[in-house]
Amino acid sequence: MHNMIGKKVPRIDSYEKVTGKAIYGDDINLHGMHYAANRYTDIPVGKIKSIDFTKAEKMDGVSAIVFYKDIPGQKRIGPIRQDHFVFVNDEVFYTGDVIAVVAAKTKEQAYAAADAIEIEYEPIEGIFDPAEAIKPDARLIHPDFKSNIVNHYPLIKGDIEKGFEQSEQVIEREFRTGFHEHAYIEPETVTAAPDPTTKGFKIYGSIQNPFTTRRMVAAFMGVDLNMVNVFSSTLGGSFGGKDDIINCMACRVALLSEMTGKPVKLTYTREESIKESYKRHPYILQYKVGFNNEGKLKAMKINIIADSGAYSSQSFFVTWRSVVQATGPYEVENVQTDIRSVYTNNPYTAAFRGFGSPQIIFAQESLMDEIAALCNITPLEIRRLNGFKQDSVTASGQKLSEHTVSLQEVIDKSLESSGYLKKLEDYKKLNENSTRYKYGIGLACSYRGCSLGAEGVDATSAIVSVQGDGSVYVLAGLNENGQGMRTTFCQIAAEMLGINLEKIIFLEPQTATIPDGGPTVASRATLTGGNAIIDAAQKIKNTIFEVIKNELNVTSIEETVWANGLISVKETEECLRSIPFEKAVEKSFKAGVNLSSYGWFKAPDVGWVEETGQGNAYFTYVYGCQIAEIKVDTSTGKIDVMKITAAHDVGKVINRLGIEGQVYGGVAQGIGYAILEDFNVQNGIVKSPNLDEYLVPTIKDIHKIEPILIENPDKYGPFGAKCIGEPTLELASAAINNAMKFAVGKYFYQIPLTLERVYLGKNLIKPSRQSEAGLNIKARKQGPRISGITMVTPKNLKKALALVSEDYKIISGGTDVIIELRKCKESSKLLNISQLEELKKIKKSKNEIFIGSAASITSIVSHKAIQKHFPLLIKTCSLIGSKQIRNRATLGGNIVNAAPCADSIPPLILYDAKVLLQSKNGNREILIKDFVLGNYKTQINAEEIMTAVIIPLPQQKYYHSYYQLGRRNAVNITRMSVGAMIAFDFNKMVTDCRIVAGSLFDRSQRIYEIEELFTGKKLTEELINNIEEPLLKIIDNAIGKRWSSEYKTPVFINLCKDVLREIKEKLEIRN
Amino acid sequence: MAEITLTVNNKIHQIEVDDSWRLIDVLREQLGLTGTKEGCGIGECGACTVIMNGEAVCSCLILAGQLKDAKIETIENIEKDHLLSRLQQMFVEHGAIQCGFCTPGMLMSAKALLDKNPNPEEDEIKEALEGNLCRCTGYIPIVNAVKAVNVSG
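Note that the structure is predicted; figures quoted are calculated from it, not measured.

## What to know about the overall build of chain A
Across its full length, chain A holds 32 helices and 44 strands. The C-alpha radius of gyration computed for chain A amounts to 32 Å, which stays within 12% of the reference 31 Å derived for 1071 residues, consistent with globular compactness. Here the C-alpha coordinates of chain A stretch approximately 100 × 75 × 75 Å along the principal axes. Buried residues in chain A amount to 58% of all 1071 residues. Counting contacts in chain A only where the partners sit at least 6 residues apart, residues at least 24 apart contribute 77% of the total.

Printed below as a string of structure tokens:
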């Protein structure tokens, strides 16, 4: 019986995190601190011809500028191979390379100086396709390493050719996965301060692996390890991501702090983060599988190319995990796997939660369903037939006999809990009766080696220190990344010592005070660090026991129970034979014994033969199964993941609250990876530079997740615990893909399953030319930020009208303007009208509603009269941005900005709205359909302010329908929209039909030719279907040549029919 | 530069601000209120959410010059007399926090909702929090925490 283990324990760092008191890296402000800014390369690939610091050096506040030639120690760093340029020298390898870094008194001064560094280049044609890079005649990205192939791991088991000969069926499939951005909410930040005591540095920041950072900084600065003390601040998410990039940043600020003698902080914007940081490796996976007609696997030949990008980083280890697990949790007698990671000029790739497993699981688990179908057996049967059982032998020849092989158990429990078998029938029936929406259910399972395996030395450290009053410090050589490790470790210490959690404080770690515990990666913290805590605590218990054993009248510690703050003798009256922990501690201190202890854990030995890929790769494994239930909109290709049931064998639950949190979070990331997260880099340039284009799931994209925790204690784990962090992420994409087959009857071979991929079977990407790389260098800013602003705020409209001119940009809610200002290099004068109350009024008169242009979207959406008369305006405005955006954004701003995706414009066109433009010379009104001329173009003059929108009240009853297509369920840039309103006479004949298209043509507009088809007629299914041909012609003429038309044209036609059908149904219900 | 008067957490401040500064810069750099976090700078992640004149807003999308007479409430103001509010307590108990970087913004969005609507339905909670990205928790514990605030017991 445990007192602490297995309970739902709130995080011990909760208090500081819910009060805003937790200190994250950017919250650190040291006395006299300067700020740093990177000077990034302007082009992704090329030779540097010259660098000119003259202008930058003379700028206000600049205290130092450093570059390649200033590096005192090792020029290039890297966790395994030293190929990473902290500063590039004479050549740039990818878009995130840094040429120099500036320190200045303020952040703005640092950025301004970085902008002023002038660099000339000679572009080189980049290699962005790993399949090209691997060709023998390809240009070498790093000639000093002799090959673009970073590493090649083979695995050979049995006789692959014989295996195929014995097979009755052989199939070959190719799968692809994309880059995947960590998108931790906290961008990277590091501060370095000179340390006069060590003559080295103190380093603070969002650091995932303090010991790695220390090693890199020491090498780069040419100092000893004991001269660099690294403190990890509260970390705002990492997921494997705050390692190499942080080390580079730490090197840069360490050098700057040496040059300036001051603390220097470098904090990234999101754009800098996304540009420079590493991603998950894209994989190209070729599987050739042989099996007999019953579905028994006979042979698997796997060839994988991983895109390592510009540097090798963790590619060695990431691909090693892949080669171990590439056949999945299945017995296959004959295997040949080859995996190669390859240099390209793309952003480099490294560790990301899952670490080489999500890619292979997507491929191999999708494949299992396809093989099952070919053999006419179910996805369950094929997994039962081939799945690992106790003592099965893996592809690397490891016999799974040292732990409980629970593959079947995780499958069974997830089936039972999700009601899988019944749902197969339910969804089948649902699909028979549904044309637009199709439902699907699919599963995927996996096995995963825990901790580092044969990657390297797998040992870790902890300190438990009992104070004179019985309170306790815990320190660990591993790092809290936000996952809850500190809480888990304190629970383990509390369980061991039999005391309350409140008695324990987890000390802020620093590399100077604890032995190197290795990196916090590979879901190894609980497993290895937990054991180190147990080791330390056990030593202390033994010491205390020696002091009190006579008093308790026992000879062995096994006769005692340590719980609830008491040390008691087993099976006796507690009050008679027990000592309070505090008392025992007091006695121990008086006896002069040491109650501080180092704990150490070294993982059991594993082994690997590189040439054959054989060996006991990991000392234990976990098993998981996830079932996805999805809904697919066949009109658009949009997937909604309704539920994921996630069953995982975790060995033993330490903190139920923490472990459920790991499941929810990992699954949510897995869903993003599967359907949303499309990191767009073309010709080496990042096209999704911020979170408006790199889309992670919002709260509306995650529906139900059901964690099922299975406990088969592991003999090596602390209290039997194994790992959970990564297995949760690796399964969703395959499960969703298998559910897609159920829903739409098609196999997909590539993720993410974007709208276009689902609808067309391929992704559409806006074309960009390699020559684009050199364009607009001068216009770019280092670090998007707002600078050079002067603002005037007139007291009333009259004063505003007197001022408005070409000199000013008008700002109201600012939700569009400020985003543009961040990118703008020139200074701007703003005319702030956000506080003119006279522009915020909403008034209803007999014939119209008058909406002041500065009325917030929120005030419009909640206005009763607008709700009553203009439901389509309510509907589209509710979909603008987020709650926060709607609270600030104004109707006038949305219209004047005239983005093609502006959500308020299409319904206003339908309602024949007018805009009121005022200037000091007079007023004019223009119909909104005429006001907007095209993308970001309107009829407004520089002397005018749009002061109101006037919408005439409809004179008859209309039926409405609207559909706005976004890639996710909230905070979208509208991909396309269609709205319709139709009035009928008493014979149900159409008297007025209005249809509007948004984000389709050059501007939002009505489609009169289609509207006319319905006038005077009954709205029938036949008539609706008849729009296809004329609508196709109209769209084709207008946008047929655009890159996106292949998707937009058919989908718009679908949506147009869907909204008309909805009106038809509404009419039928009404009558 | 402009001089503005604004109220932050019930305290009136009369300050000089640079026209290029945003509300988040005023809070973090000038007033030392570092509880409010910056995650994207373009209003997509919601980490910088504060309550302004009763409404949740992204403090990265408001310029300092637009703050005249504004009433701002930040994460530092939710705890009263060293006692966590019920909303904060529910975040703690339901595991609605992991790395905690989105938490201040998440709490401010939730508070703005609850101030107006003490018993929100699940879809209203999701509506209020749609502009707050969280990469750790999968959102489910956050929804549960907000739901639990005004459930008795």
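## Concerning the overall build of chain B
For chain B, the helix and strand inventory stands at five helices and five strands. Beginning at the N terminus, the succession of helices and strands in chain B can be written as β-β-α-β-β-β-α-α-α-α. By the compact-globule yardstick of 15 Å for 153 residues, chain B fits well, its C-alpha radius of gyration being 15 Å. Looking at chain B residue by residue over its 153 residues, the buried ones come to 63%.

## Observations concerning the interface of chain B and chain A
Contacts between the two partners involve 60 residues from chain B and, on the opposite side, 67 residues from chain A. When contributions to the side of chain B that touches chain A are tallied by element, the ones reaching two or more residues are β4 (55–58), α2 (86–93), α3 (103–116), α4 (122–129) and α5 (140–148) of chain B. Partitioning the side of chain B that touches chain A into residue classes produces 28 nonpolar, 19 polar and 13 charged.

## Focus: the sheet that holds strand β21 (residues 504–506) of chain A
Residues and elements named next belong to chain A. Pairing is mixed in the open sheet, where four strands are placed in the order β21-β20-β19-β25. Looking at strand neighbours, the two that pair on one side only are β21 and β25 (596–602), the edges of this open sheet. For this sheet, the mean inter-axis angle between neighbouring strands, taken without regard to orientation, is 20 degrees. On the sheet, helix α15 (residues 525–552) packs against β19 (459–466), β20 (472–476) and β25 and is oriented at approximately 140 degrees with respect to β25.

## So, the packing of helix α10 (residues 357–374) of chain A against helix α11 (residues 379–386) of chain A
Residue and element names in this part refer to chain A. Running from N to C, α10 and α11 point in directions that differ by 105 degrees, and their axes come no closer than 8 Å. Put simply, α10 runs roughly perpendicular to α11. Contact residues: α10 offers M368, D369, I371 and A372, while α11 offers P379, E381, I382 and R383. When the residues that make up the contact of α10 with α11 are grouped by side-chain class, the tally is five nonpolar, no polar and three charged.

## Concerning the domain arrangement of chain B
You'll often see interface size given as the accessible area lost when the parts meet. Residue and element names in this part refer to chain B. Entries for chain B in the domain assignment read domain 1 (2–77) and domain 2 (86–148). Each of domain 1 and domain 2 was reduced to a C-alpha centroid, and the two centroids are 21 Å apart. Taken together, the contacts link 13 residues of domain 1 with 12 residues of domain 2. For the side of domain 1 that touches domain 2, the secondary-structure elements that each account for two or more residues are β3 (49–52) and β4.

## Topic: the sheet that holds β3 of chain B
All names here are of chain B. In spatial order, the strands read β2-β1-β5-β3-β4; together these five strands make up an open sheet with mixed pairing. Every interior strand has two partners, whereas the edge strands, β2 (11–17) and β4, have only one. Mean inter-strand twist for the sheet, computed between neighbouring axes without regard to direction, equals 40 degrees. Taken strand by strand, α3 contacts β3 and β4, and its axis lies near 35 degrees from that of β3.

## Quick word on the packing of helix α9 (residues 315–325) of chain A against α10 of chain A
All names here are of chain A. Axis separation between α9 and α10 bottoms out at 9 Å; the angle between their running directions is 30 degrees. In this view, α9 runs roughly parallel relative to α10, as classed from their interaxial angle. Judged by the twist between their axes, the crossing of α9 over α10 is right-handed. Along its contact with α9, which presents R321, S322 and Q325, the element α10 presents S357, Q359 and I360. The class makeup of the residues in the contact of α9 with α10 is one nonpolar, four polar and one charged.

## A closer look at the pairing of strand β1 (residues 34–40) of chain A
Within a regular strand, side chains alternate between the sheet's two faces. All names here are of chain A. Taken across its seven residues, β1 has seven buried, putting it largely inside the fold. Both β1 and strand β14 (residues 264–267) contribute to a ladder of two bridges, which runs parallel. Counted as the bridge partner of H34 is V264 from β14. Judged from the six bridges that link them, β1 and strand β7 (residues 98–104) form a sheet pairing that is antiparallel. Bridge pairing links R39 to A100 in β7.

## Some remarks on helix α14 (residues 485–497) of chain A
Residues and elements named next belong to chain A. Along its 13 residues, α14 runs 18 Å from first to last C-alpha, staying within 8% of the 18 Å computed at 1.5 Å per residue. For α14, the tally of buried residues reaches 13 of 13 residues, placing the bulk of the element in the interior. Downstream of α14 by a residue or two, G498 has a phi angle that is positive, lying close to 70 degrees.

## A short note on the domain arrangement of chain A
Splitting chain A by domain gives domain 1 (15–124 + 188–267), domain 2 (150–179 + 280–452 + 610–760), domain 3 (459–602), domain 4 (786–955) and domain 5 (958–1071). Taken over C-alpha atoms, the centre of domain 3 of chain A sits 63 Å from the centre of domain 4 of chain A.

## Thoughts on the nonpolar core
Of all hydrophobic cores here, the largest spans 387 residues; its most connected members are V102 and A493 of chain A. The contact partners of A493 of chain A, leaving out residues within four places of it in the chain, are V464, V472, V474, I504, I533 and A537 of chain A.

## What about helix α17 (residues 656–676) of chain A?
One turn of the α-helix equals 3.6 residues, which is why residues spaced by three or four share an orientation. Here α17 of chain A contains 21 residues, and its C-alpha end-to-end distance of 29 Å stays within 8% of the 30 Å for a straight helix at 1.5 Å per residue. The element α17 of chain A is largely enclosed, with a buried count of 19 among its 21 residues.

## Thoughts on the environment of K795 of chain A
Residues and elements named next belong to chain A. Summarising the element assignment, K795 is placed in the loop between β31 (789–792) and α20 (797–803). Residue classification places K795 among the exposed positions, given that 9 C-beta atoms sit within 10 Å. Taking the C-alpha atoms as reference, K795 lies 7.1 Å from L836; in sequence the two are 41 residues apart.

## Let's talk about unusual backbone geometry
Residue and element names in this part refer to chain A. For the bond from I751 to P752, the omega torsion is 0 degrees, close enough to zero to count as cis. By secondary structure assignment, the location of P752 is in the loop between α18 (732–744) and α19 (755–760). Phi angles above zero are rare outside glycine, and A522 is one such case at about 60 degrees. Summarising the element assignment, A522 is placed in the loop between β21 and α15. Backbone geometry places N683, a non-glycine residue, at a positive phi of 50 degrees. Residue placement: N683 occurs in the loop between β28 (681–682) and β29 (685–686).

## A look at the environment of L760 of chain A
Residues and elements named next belong to chain A. When you line up the elements, L760 lands in helix α19. Given 15 C-beta atoms within 10 Å, L760 falls into the partly exposed group. It is 46 Å that separates the C-alpha atoms of L760 and G20, two residues lying 740 residues apart in sequence. With residues up to four places along the chain from it excluded, the contact list for L760 reads E1046 and Y1047.

## A look at the confidence of the model for chain B
The share of residues in chain B with pLDDT of 70 or more is 99%, and the mean pLDDT across the chain is 96. Reported confidences for the modelled complex are a pTM of 0.97 and an ipTM of 0.98.

## Quick notes on the environment of L507 of chain A
All names here are of chain A. Examined against the element boundaries, L507 turns out to sit in the loop between β21 and α15. The spatial distance from the C-alpha of L507 to the C-alpha of H869 is 61 Å, given a sequence separation of 362 residues. In contact with L507, other than residues within four places in its own chain, are Y473 and L475.

Criteria and cut-off values
Residues numbered from 1 in each chain as written. Chains lettered and ligands numbered in written order. Predicted model: local features only at pLDDT ≥ 70, side-chain atom pairs only at ≥ 80, totals over all residues. Helix = DSSP H or I, 4+ residues; strand = E, 2+ residues; numbered from the N terminus. Rg over C-alpha atoms; globule rule 2.2 N^0.38 Å. Buried ≥ 20, exposed ≤ 12 C-beta atoms within 10 Å, placed from the backbone. Contact = placed C-beta atoms within 7 Å. Nonpolar A, V, L, I, M, F, W, Y, C, P; charged D, E, K, R; others polar. Pairing = 2+ DSSP bridges. Axes fitted to C-alpha atoms, helices over the stretch in contact; angles between N-to-C directions. Parallel < 35°, antiparallel > 145°, perpendicular 65-115°, else oblique. Domains from an automatic or database assignment. Left-handed = near helix turned anticlockwise from the far one by under 90°. Expected span 1.5 Å × (residues − 1). Core = buried A, V, L, I, M, F, W, Y, C linked by C-beta atoms within 7 Å. pLDDT = per-residue confidence, 0-100.

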